[in-house]
Amino acid sequence: MACVPRQTTRKAAHPPAGAAVLQPEVTEAINVAVLEELAAVGYGRLSIEGVARRAGVSKTALYRRWPTKQPMVVALFESIALHAAAMTDTGSLAGDVELFLREAMAILRDPLMAAILPDLLAEGARSSAFAAEMLATIRDPRRARAAELVHRAIRRKELPRSLDVETAIDCLAGPLYWRVSVVRTPVGDDYLARLSRVVIAAMRAATKP
C-alpha cells in the first residue's frame, strides 16, 4: 500500500519507552489496520479494539501508545504527510507541477483513501478539535510543500514576483481534488499533462492587484 509509510525519520517529542515501543513490522500492520478499519466502518465507529483485531495485536499494545482513537489516527496521517513531504526539484515548473499532481492522484485514487478522506472531512465538520488536528496534520504540510514549489518557480523566474502565492497554491491543489474526489469524473491517460498546463496558466494569472 503506497500511502502507508514503512517508517518515518522524524522523532516524537516524547518517544514511547519499554513495552510501548513497537517493532517496525508491527507498526506497519497497525497502520494498515487503521486505514482498513477507517474505510470499512468510518471514524465514528472506529475503535482501538477493532484496529487491534485487524492488526493481530493486543489492544494493550495500542493503548500504551494512544489512549483514544483520535491521537492514533492523527499520528498515522502525520506519518503519511511527513513521508510525502520531501519535494523533488525536477528543474522546471512544468515538471514540478506534474509530479505534484501525479503523487496527489495516486493518493486520491487509492481505494482506501478514496473512502477515508470524505469521512474525515465530515468528521471535521462535526468536531472543531478533530478538524484542527487533521488540518495541521494533512493540510499544512501539503500547502508548505506546494509553497516551496511556487517559490522555486519564482526564483527561476517562471512565475512573477507579484504572484499571490496562496491563490497559486489553491490553483495547484483544487482542480484535481474536485475532479477525482468530488464529481468523480473519469480521467484519461493524458489528463494530468493537460491539467498541468491549465494549472500553470492559472498560477501565472494569480498576481496580486
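A cluster of nonpolar side chains, contributed by Trp178, Val182 and Val183, occupies part of the molecular surface with about 290 Å² of accessible area. For Trp178, a relative accessible area of 53% corresponds to the exposed category.

A few words on the confidence of the model for the protein chain. Per-residue confidence for the protein chain averages 85 on the pLDDT scale, and 87% of its residues sit at or above 70. Every residue in residues 6-20 scores below 50 in pLDDT, and together they form 10 contacts with partners more than four places removed in sequence or on other chains.

A word on the packing of helix α1 (residues 24-45) against helix α2 (residues 48-55). Two elements in contact, α1 and α2, have axes separated by 8 Å at closest approach and are oriented at 120 degrees. Taken together, the axes of α1 and α2 are oblique relative to one another. Remark: the crossing between α1 and α2 carries right-handed chirality. Note on element contacts: α2 touches α1 through Gly50, Val51, Arg54 and Ala55, opposite Ala29, Ile30, Ala33, Val34, Glu36, Glu37 and Ala40. Along the lines of polarity and charge, the residues of the contact of α1 with α2 split into 7 nonpolar, 1 polar and 3 charged.

It is worth spelling out the packing of aromatic side chains at this point. One pass over the structure, following the stated rule, counts 1 aromatic pair. Where Tyr43 meets Phe130, the ring centres are 4.5 Å apart and the plane angle is 45 degrees; that geometry is what we call tilted. One end of the pair, Tyr43, is in helix α1; the other, Phe130, is in helix α7 (residues 128-155), and 87 residues separate them in sequence. Across from the ring centre of Tyr43, 4.5 Å away, lies the NZ or CZ of Lys69, which sits over that ring. For Arg142, the ring lying beneath its charged end belongs to Phe100, and the centroid distance is 4.5 Å.

Evaluation of the coordinates by the stated rule reveals 15 salt bridges. As a salt-bridge pair, Arg156 and Asp96 come within 3.2 Å of each other at their nearest N and O atoms. Taken together, the positions of Arg156 in the loop between α7 and α8 (165-182) and Asp96 in helix α5 (residues 93-108) put the pair 60 residues apart, joining distant regions of the chain. When its relative accessible area of 0% is taken as the criterion, Asp96 is described as buried. Between Glu148 and Arg152 there is a salt bridge, with its nearest N and O atoms 3.1 Å apart. One end of the pair is Glu148 and the other is Arg152, both in helix α7 and 4 residues apart, which spans about a single turn. The class for Glu148 is partly exposed, based on a relative accessible area of 36%. Because the salt bridges share partners, they merge into one network encompassing Asp89, Asp96, Glu148, Arg152, Arg156 and Glu158.

Cut-offs applied
Residues numbered from 1 in each chain as written. Predicted model: local features only at pLDDT ≥ 70, side-chain atom pairs only at ≥ 80, totals over all residues. Heavy atoms only, no water. Patch = residues over 30% accessible without salt bridge, like charges linked within 9 Å, V, L, I, M, F, W, Y side chains within 5 Å. Areas by Shrake-Rupley, 256 points an atom, 1.4 Å probe, with all protein chains shown as cover. Salt bridge = Lys/Arg side-chain N within 4 Å of Asp/Glu carboxyl O. Buried < 20%, exposed > 50% of the residue type's maximum accessible area, 1.4 Å probe, protein only. pLDDT = per-residue confidence, 0-100. Contact = heavy atoms within 4.5 Å. Axes fitted to C-alpha atoms, helices over the stretch in contact; angles between N-to-C directions. Helix = DSSP H or I, 4+ residues; strand = E, 2+ residues; numbered from the N terminus. Parallel < 35°, antiparallel > 145°, perpendicular 65-115°, else oblique. Left-handed = near helix turned anticlockwise from the far one by under 90°. Nonpolar A, V, L, I, M, F, W, Y, C, P; charged D, E, K, R; others polar. Phe/Tyr/Trp six-rings, centres within 6.5 Å; stacked < 30°, edge-to-face > 60°. Lys NZ or Arg CZ within 6 Å of the ring centre and 35° of its normal.

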